[in-house]
Amino acid sequence: MKLLLKGARVVDPASGIDGIRDVLVDGDRISRVDTSIPAEAAVGAAIVELGSSLVVVPGLIDMHVHLREPGYEHKETVATGTASAVAGGFTAVACMPNTNPVNDNASVTRFILKQAAAANLARVYPIGAVSNGSNGEHLAEIADMREAGCVAFSDDGRPVATAALMRRALEYAGMFNMPIIDHCEDRSLAGEGVAHEGFHAAQLGLRGIPAAAEDVMVDRDIVLAHATGGHVHIAHVSTAGALRAVQAGKSRGARVTCEVTPHHLTLSDERLRAPLIYDTNLKMNPPLRGTTDRDALLAGIRDGSIDVIATDHAPHHADDKRVEFDRASFGIVGLETAVSLGFDRLVHAGIIGIGRLVELFSVNPARILKVPGGRIASGDMADITILAPDLPVTVAAAAFRSKARNTPFDGWSLRGGVAATIVGGRVVFANTAVPQAAGLERRERRET
Ligand SMILES: [Zn+2]
Ligand SMILES: [Zn+2]
């Protein structure tokens, strides 16, 4: 069970590597990374010539996805969600607890982990609920869920409504050195809004969600993190104001980190009018904001103040989206488009290099969740993503491995994609559009 990856560019910011290397995988571990590893040193290994057009990076980790199981298996299951993850280059995902029942106790956590083990594709790290039923009243069984395998806590989708509960959550999770992830939205300001409050929503007659609904909650959470010493991770930052608050919080020593989604980096509320009007695949929460917000987020990607890109993968059944904009469910799928959007709109656009892309997609999520990964070094678990920076990709929602099709990027032509995904030394995805992946694909078939 040996695999020798030859001649690719290895980009591993955690080890300070950016150059041509050979990588030897033995069993579930990386056994050697070197400028050249001769075949004699890898007896019994399958040798795959990757070549310098491909980039080997630490396995990508999406720290914000919705896998929908238990309870909403018609939208997605742990098996289809992790199939989607590995096709998108992710070796691990952290899944939000808004299932039915809510993941607010150890038995649900264990069920999700059992389904993940059965699917045997990407690693799954459950995120437990902050409050029982995510109803914002009583703190959930945080210690039990941690014991069962949860890596963080969140009431995502339903913001932690009171400052008192958020304070207790930060104190309690802080005892275990674990983050609280908050979906920051003041419900009294957001009301029944469905789109960013501004010119475009007003012209289209859509009820607005003001930027302030996000900004006030981010401020509150950072004040509480500072006061308690707890770690708050701000989910899907969408406004310039929220990002400024995160930057200010970091500079005064609060334990705050944040993530941004690929769609908030690439789209703005102008899209609600063209090319399609009222396209429900543009309805998400937080909503697509204005272009000045989007530009502020891009600046945060460039200057390092944004820690993570996370997809907020939110699969829905077609019935939940083929309705009027007002009535449609919030959210879009993201696992299978994130890498291509990142390459096309960030790397090839000259905003960041591949090293920073790896920090955003791998190093920092691993650090924040305190899970293995984020590095390619001898002795590490062999969770590896092989990227194809110049691969022409046409997004085809119909071909997604996710059960869901709700993406605004269908038909988009992008430059850059995934060649292969290796989890624990096993090739779990090989892209047939990449010639060098053929050697890996054969290996995948042999072992499954
Ligand atoms: Zn959310
Ligand atoms: Zn979410």
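What counts, and where the lines are drawn
Residues numbered from 1 in each chain as written. Chains lettered and ligands numbered in written order. Predicted model: local features only at pLDDT ≥ 70, side-chain atom pairs only at ≥ 80, totals over all residues. Heavy atoms only, no water. Donors = N, O, S within 2.8 Å, 3.2 Å for Na, K, Ca; no water. Helix = DSSP H or I, 4+ residues; strand = E, 2+ residues; numbered from the N terminus. Tetrahedral: all angles 85-135°; square planar, octahedral: opposite > 155°, others 65-115°. Buried < 20%, exposed > 50% of the residue type's maximum accessible area, 1.4 Å probe, protein only. Pairing = 2+ DSSP bridges. Axes fitted to C-alpha atoms, helices over the stretch in contact; angles between N-to-C directions. Parallel < 35°, antiparallel > 145°, perpendicular 65-115°, else oblique. Contact = heavy atoms within 4.5 Å. Nonpolar A, V, L, I, M, F, W, Y, C, P; charged D, E, K, R; others polar. Core = buried A, V, L, I, M, F, W, Y, C linked by side-chain atoms within 4.5 Å.

### Description of the coordination of the zinc ion (ligand 1)
- Ligation of the zinc ion (ligand 1) by protein atoms is provided by Asp156 (OD), His183 (ND1) and His236 (NE2), these donors lying 2.0 to 2.1 Å from the ion.
- Here the donor residues for the zinc ion (ligand 1) map to a single chain with the spacing D-x26-H-x52-H.
- The metal-metal distance between the zinc ion (ligand 1) and the zinc ion (ligand 2) is 3.5 Å, with aspartate 156 coordinating both. Highlighted residues: histidine 183 in the loop between strand S10 (180-182) and helix H5 (187-190) and histidine 236 in the loop between strand S13 (231-234) and helix H8 (240-251), separated in sequence by 53 residues.

### Structural notes on the coordination of the zinc ion (ligand 2)
- The zinc ion (ligand 2) binds to the protein through His64 (NE2), His66 (NE2), Asp156 (OD) and Asp312 (OD), with metal-donor distances spanning 2.0 to 2.2 Å.
- What the four donor atoms of the zinc ion (ligand 2) show is an angle range of 85 to 173° at the metal, which sorts the shape as irregular.
- Mapped onto the sequence, the residues coordinating the zinc ion (ligand 2) show the spacing H-x1-H-x89-D-x155-D.

### Re the pairing of strand S6 (residues 60-65)
- Buried residues dominate S6, accounting for six of its six residues.
- Bridging between S6 and strand S7 (residues 90-95) involves four bridges; their strand directions are parallel. Along S7, the bridge assignment pairs leucine 60 with phenylalanine 90.

### Details of the packing of H8 against helix H10 (residues 291-303)
- Their axes nearest at 8 Å, the elements H8 and H10 cross at an angle of 30°. Taken together, the axes of H8 and H10 lie roughly parallel to each other. Judged by residue contacts, Ala240, Leu243 and Gln247 of H8 engage Asp293, Ala296, Leu297, Gly300 and Asp303 from H10.
- Counted by class, the contact of H8 with H10 contains four nonpolar, two polar and two charged residues.

### Section: the nonpolar core
- Formed by 74 residues in total, the largest nonpolar core has its most connected members in Phe153, Ile234, Ile301 and Leu346.
- The leading source of residues in this core is helix H13 (residues 354-369), at six residues.
- Excluding residues within four positions of it along the chain, isoleucine 301 makes contact with Leu265, Ile306, Ile309, Leu346, Ile351, Ile352, Arg356 and Leu360.
- Of all hydrophobic cores here, the second largest spans 27 residues; its members include Val10, Val25, Leu54 and Val393.

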